[in-house]
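Commentary on secondary and tertiary structure
Now for the letters of each chain:
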Amino acid sequence: MSSELTVVDPPATTAAEDAHPPAPTRRPWPRALVVLAALVAAWGVPLAAHALHRDWLLPPLVLLAAASVLRGGRTLLDRLVLALALLLGAATAGGLLFAVWPWGMRPVPLTGLALTVVVLAAAALRRRPRLPRPGWVDLFPVAGTAAMLGYLSAPWQRAADLADQLTIIARGEDNWRHLALFDVVGRLGGYAFVDPAAAKDQILSQMLYYPQGWHLVTAMLDGFLTPVGTAPRGPAAVDHYVGWIMAGFGLFVLTLLWAAHRISGPIHPLHRTVLTVVVGALILGTQLPRLLVSGYATEVLGLALTVLLAALVGRPLAGTREQVVLLAALLVAIGFTYYLFLPPAAVLVLCWVLGHWREALRRWATVGVVGLATAPLALVAPLLGVLRAKQTEALDVNGGIEARTEAWRALIWLGGIVGVALLVQVRRADPTWRRWLLVSAVGVALPLGIAQYNTTSGVEPGYYFIKSTHLATVLLVVGAAAVVRLLPVPRPAWSLRGVGSTVAGVLTGVVVMVVAVALCGVTGWHPSLLIANEKTWTQRWVHQDLHLPSKEAWVCATAQQRYPDLPDTTTIVVDRGPYRGYVETLCFDALHGTTARTEAGVYNLDFLEPDRTDQIVRRVSGPIRFIAADPRAERRIQRLIRKDPSLRHRVSWVPLTVPECDVLPAEPPPVPGAPPATPPPAVPACPPAP
């Protein structure tokens, strides 16, 4: 028997444990006094932390408390990841309650409720709080995530002021809508769609029924850092929004690394190093960093949740009851966060149930109750999006030739390499590889199904085909563990054969890491095979030029400082071209919390001047204030008023003329009526904003 199976790693969950989970250790019921004291502490600790202005300590406390009651996982990182999955499911479902109970998302009631549930669950399950020891295997995902996050946060570290931050955000138009919704959900204290009457005057109508799981979780956690009031936070919200974007991507990277190490089972430390480098290279060399560039924060969390669920299907927990609850929590969280991934996630859960039907029958009461509670909760956001917002129409939206090419490359290259490795691994006794082959097949089936639907509809595979390939990509990236398992295992021994085995294993590992880094374009020496452009999305993100802000950022930062919001007045920014004014207005509205008020003057208009300015005046009722960021825009307004003098009583303008500035490429929005994907040509850069 190889030494790495008995000494190097903690044992993985085996097929026998999956079929016959160990009986829980019998413990006496806790005394009533202990339970009562724990319940008092569940509320006393949050009150004390709040009084000492240390609310930020409460979320980690809740995470540790929840982890101490779970029993799945072998190491501390395993337990924390599982507890986080459970809490994300509980938080996204709890958002239905937060908007209607009187305390909103205030830290003390939230923490008190969470700790109370943990105490009662521990008492009902007869479990004493206990955490496993940290394992050395935890170092690989944690170190890999820290290195990746430090590297990818470079643009934010170089951003010196608000204009620099807005320059980065402007690369992804979706950021403006997500920033506005993040602020509104925090001010409402829950989901916007729970009370549409209160939210319709604060948020864009097309975002009212958008999946808001990410916005709720980040706004809730943000409330532990700073109190959220009833007024828009303006520039102060940008700092927090940026921080949560990076935190979400860090969780995404950690999830992929953790899942890859989990399904790999017991392997040599050298192979764990190789696996960490390979997964990191694939993340950097695929479309995945585009999620940062384009502002797809909700998709990032949706991918992380789906990978967590897939990892539990690929290598299930020994305890059936805990497995069922965690799968249910993840389904709920996916439904509220990014329900495009809900169908494949539900299929994976069904596959687990069919593959473990004996264990499910033994826990039929738990499976039945949890299933009945999960189905309606997971379907809330999808039903609202389909029935109220008609979001299925976006399935035909075009996604761009470059993105479509990269999507097919990911499916072909990663699918081919990882698929062959998985087919080789299925011969092993460990059923995890057969399960992950099924997981990968389900993930690839989603984009192929959407591509077939688009082709049948007479259009090229578009926006949501590309989105679905992101899920297939991350599942195949995790499946790279099958490739690493094929490498020779170093067997240290004081013999010629042992030395040869060690040398061969080390050399092979080094070669694999170098090839993965080179072919994924991480170093820049060679373009990535998975990207259509010579520069990877990572390079375009990390090395973006911030020595001067873009004009959109300069105008937005300056306008929000000079021109405060006027109640009952619609403020529209107009510039030389329609696209610039469109983006500048989105930014200005997000900072002032006026996206609902300006909707009629922003969306579904012609991107042609002077027709667009004329349409704005005709479509917007009530007073209009134009911020003219270009002399030609100001002359358009003057000509419009001369043509129709009756507009003088409700149309006004203020100048904000600046030198022509650099224009950064922006992602086209994923909604009908969006502006053209090609931005105006670049011109000289702007001066720093005041």
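Scanning the chain for helices and strands turns up 31 helices and three strands. For a compact globule of 690 residues, the expected C-alpha radius of gyration is about 26 Å, and the chain comes in at 27 Å, within 12% of that figure. Its C-alpha atoms give the chain principal-axis dimensions of about 90 × 65 × 50 Å. Excluding contacts between residues fewer than 6 apart, the proportion of contacts in the chain whose partners are at least 24 apart in sequence is 79%.

Glancing now at a positive patch on the surface. Together, R321, R358, R362 and R363 make up a positively charged patch on the protein surface. Along the chain, R321 falls in helix 17 (residues 320-337).

The grouping of W408, I412, W413, I417, L448, V511, V515, L519 and L529 at the surface amounts to a nonpolar patch, some 800 Å² of accessible area in total. Elements with a minimum of two residues in the nonpolar patch: helix 22 (401-425) and helix 26 (496-519). With four residues, helix 22 is the largest single contributor of residues to the nonpolar patch. Relative to the helices and strands, L519 is located in helix 26.

Across all of its chains, the model carries one disulfide by this definition. The side chain of C556 participates in a disulfide bridge whose partner is C587; the two sulfur atoms lie 2.0 Å from each other. Disulfide C556-C587: the torsion about the S-S bond is -85°, which places it as left-handed. Of this pair, C556 sits in helix 28 (residues 551-562) while C587 is found in helix 29 (residues 578-592), placing the two residues 31 residues apart along the sequence.

A word on helix 16 (residues 297-314). The end-to-end C-alpha separation of helix 16 is 26 Å, in line with the 26 Å expected for 18 residues at 1.5 Å each. Taking burial as the measure, the 18 residues of helix 16 include 18 buried ones, the bulk of the element.

A separate point is the confidence of the model for the chain. Predicted coordinates in regions of low pLDDT should not be interpreted in detail. Overall, the predicted model of the chain reaches an average pLDDT of 87, with 90% of residues at or above 70. This model gives residues 1-21 a pLDDT under 50, and the stretch forms 47 contacts once residues within four places in sequence are excluded. Counting contacts from residues 662-685, a segment whose pLDDT is below 50, to residues more than four positions away or on other chains yields 66 contacts.

Moving on: the environment of G94. Relative to the helices and strands, G94 resides in helix 4 (residues 76-98). Of the residues examined, G94 reaches a relative accessible area of 14% and is grouped as buried. Measuring from C-alpha to C-alpha, the distance between G94 and T298 comes to 18 Å, with 204 residues separating the pair along the chain.

Let's shift gears to the packing of aromatic side chains. This structure, assessed with the given rule, holds 17 aromatic pairs. Centre to centre, the rings of F98 and W101 are 5.9 Å apart; their planes meet at 35°, and the pair counts as tilted. Judged by relative accessible area, which is 14%, W101 ranks as buried. With a centroid separation of 5.0 Å and 40° between ring planes, the pair formed by W408 and F465 is classed as tilted. Placement of the pair is W408 in helix 22 and F465 in helix 24 (residues 463-478), with a sequence separation of 57 residues. Using a relative accessible area of 32% as the deciding quantity, one classes W408 as partly exposed. Joined through ring pairs, the aromatic side chains of Y579, Y582, Y603 and F607 make up one cluster. Between K467 and the ring centre of Y296, over which it is positioned, the NZ or CZ distance is 3.1 Å. Across the ring face of F607, the terminal group of R612 is positioned such that the distance to the ring centre comes to 4.5 Å.

Another aspect to go through is unusual backbone geometry. Look at the link from E609 to P610: it is a cis peptide, with omega at 10°. Tracing the backbone through its elements, the reader meets P610 in the loop between helix 29 and helix 30 (611-619). A positive phi angle, near 60°, is found at H53, a position not held by glycine. Mapped onto the secondary structure, H53 falls in the loop between helix 2 (32-51) and helix 3 (58-69). Overall, the relative accessible area of 65% leaves H53 in the exposed class. Located in the positive-phi region is N604, a residue other than glycine, with phi close to 60°. Among the residues examined, N604 registers a relative accessible area of 54% and is labelled exposed.

On to the nonpolar core, then. In globular proteins that are soluble, nonpolar side chains generally tend to be buried together. In terms of nonpolar packing, the biggest core is built from 194 residues, with L166, F252, L256, L309, V474, W541 and F626 touching the most fellow members. When near neighbours in sequence (up to four residues on either side) are disregarded, L256 contacts V279, I283, L288, V307, V474, V477 and V478. If you look at the next biggest cluster of nonpolar residues, it comprises ten residues, including W554, Y563, V573 and A629.

Below, the discussion takes up the sheet that holds strand 1 (residues 570-574). The strand order 1-2-3 describes an open sheet built from three strands, whose pairing is parallel. Looking at which strands have only one partner, the edges of the open sheet turn out to be strand 1 and strand 3 (651-655). Each adjacent strand pair in this sheet contributes to an overall mean axis angle of 25°, direction not counted. Against the sheet, helix 29 touches strand 1 and strand 2 (624-628), its axis set at about 140° to strand 1.

For the coordinates displayed, the defined rule picks out 15 salt bridges. In this structure, R177 engages E173 in a salt bridge whose closest nitrogen and oxygen atoms are separated by 2.9 Å. Here R177 matches E173 in class, with each residue buried. E460 serves as the salt-bridge partner of R404, at 3.9 Å between the closest nitrogen and oxygen. Here R404 is found in helix 22, whereas its partner E460 is found in the loop between helix 23 (432-456) and helix 24, with 56 residues between them in sequence. Given the relative accessible area of 12%, R404 is considered buried. It is possible to trace a salt-bridge network through shared partners that takes in D183, R187, D222 and R233.

It is worth spelling out the packing of helix 8 (residues 162-169) against helix 28 at this point. The geometry of helix 8 relative to helix 28 is characterised by a closest axis approach of 8 Å and an angle of 135° between their N-to-C directions. What the angle tells us is that helix 8 and helix 28 run oblique. The two elements helix 8 and helix 28 meet at a crossing, and its hand is right-handed. Here helix 8 contributes L162, A163, L166 and T167 to the contact with helix 28, which in turn contributes A553, C556, A557 and Q560. Among the residues forming the contact of helix 8 with helix 28, the class breakdown is six nonpolar, two polar and no charged.

Take the packing of helix 22 against helix 23 next. Look at helix 22 against helix 23: their axes get within 10 Å of each other, and the N-to-C directions meet at 155°. By the criterion of interaxial angle, the relationship of helix 22 to helix 23 is roughly antiparallel. Crossing angle aside, the handedness with which helix 22 passes helix 23 is left-handed. On helix 23, the residues touching W408, L411, L422, L423 and Q425 of helix 22 are W433, W436, L437, S440, V444, P447, L448 and A451. Here the residues of the contact of helix 22 with helix 23 sort into eleven nonpolar, two polar and no charged.

Here we come to helix 30. Along helix 30, the positions that sit buried rather than exposed are R612, T613, Q615, I616 and V617. In this structure, the buried side of helix 30 is in contact with strand 1, helix 29, strand 2, helix 31 (631-643) and strand 3.

Scoring rules and cut-offs
- The residue numbering used here restarts from 1 in each chain and proceeds along that chain's sequence as written.
- The model is predicted, so local features are restricted to residues of pLDDT at least 70 and side-chain atom pairs to those at 80 or more, both for listing and for counting; the totals for chains, interfaces and linings are taken over all residues.
- The side-chain figures draw on all heavy atoms in the structure; neither hydrogens nor water molecules are used.
- The way it works is that DSSP assigns letters per residue, a run of H or I at least four long becomes a helix, a run of E at least two long becomes a strand, and they are numbered from the N terminus.
- A radius of gyration in this sense is built from C-alpha atoms; the matching globule rule multiplies 2.2 Å by the number of residues raised to 0.38.
- Contact between two residues is taken to exist if any of their heavy atoms lie within 4.5 Å; hydrogens are not considered.
- What makes a patch is a set of residues exposed beyond 30% relative accessible area and free of salt bridges, joined within 9 Å when like-charged and within 5 Å when nonpolar (Val, Leu, Ile, Met, Phe, Trp, Tyr).
- All accessible areas in this document rest on Shrake-Rupley with a 1.4 Å probe, and a residue is counted as covered only by the protein chains that are shown.
- Within this document, salt bridges are pairs made up of a side-chain nitrogen of Lys or Arg and a carboxyl oxygen of Asp or Glu, the two lying within 4 Å of each other.
- None of His or the chain ends enter the tally, which takes Lys and Arg as positive and Asp and Glu as negative.
- Taken as the charge centre is NZ of Lys, CZ of Arg, CG of Asp or CD of Glu, depending on the residue.
- Here, the term disulfide refers to a pair of cysteine sulfur atoms separated by no more than 2.5 Å.
- Here a helix's expected span is defined as the number of its residues, less one, multiplied by 1.5 Å.
- A simple rule labels every residue: compare its accessible area, found with a 1.4 Å probe on the protein chains alone, to the largest value its type can have, and call it buried under 20%, exposed over 50%, or partly exposed in between.
- Confidence scores per residue from the predictor, reported as pLDDT, run from 0 to 100.
- Ring pairs shown here join Phe, Tyr and Trp side chains whose ring centres sit within 6.5 Å, with only the six-membered ring taken for Trp; geometry is labelled stacked below 30 degrees between planes, edge-to-face above 60, and tilted in between.
- Whether a charge lies above a ring is judged from NZ of Lys or CZ of Arg, which has to be within 6 Å of the ring centre and within 35 degrees of the ring normal.
- We call a set of buried residues a nonpolar core when its members are Ala, Val, Leu, Ile, Met, Phe, Trp, Tyr or Cys and they connect through side-chain atoms within 4.5 Å of each other.
- Two strands qualify as a pair provided that DSSP identifies no fewer than 2 bridges between them.
- Orientation is described by axes fitted as lines to C-alpha atoms, over the contacting stretch for helices, and by angles from 0 to 180 degrees between their N-to-C directions.
- Roughly parallel refers to an angle under 35 degrees, roughly antiparallel to one over 145, roughly perpendicular to one between 65 and 115, and oblique to any angle outside these ranges.
- Handedness of each helix crossing follows the sense of rotation of the near helix against the far helix: counterclockwise by less than a right angle gives left-handed, clockwise gives right-handed.
- For this classification, Asp, Glu, Lys and Arg are treated as charged, while Ala, Val, Leu, Ile, Met, Phe, Trp, Tyr, Cys and Pro are nonpolar and the rest, including Gly, are polar.

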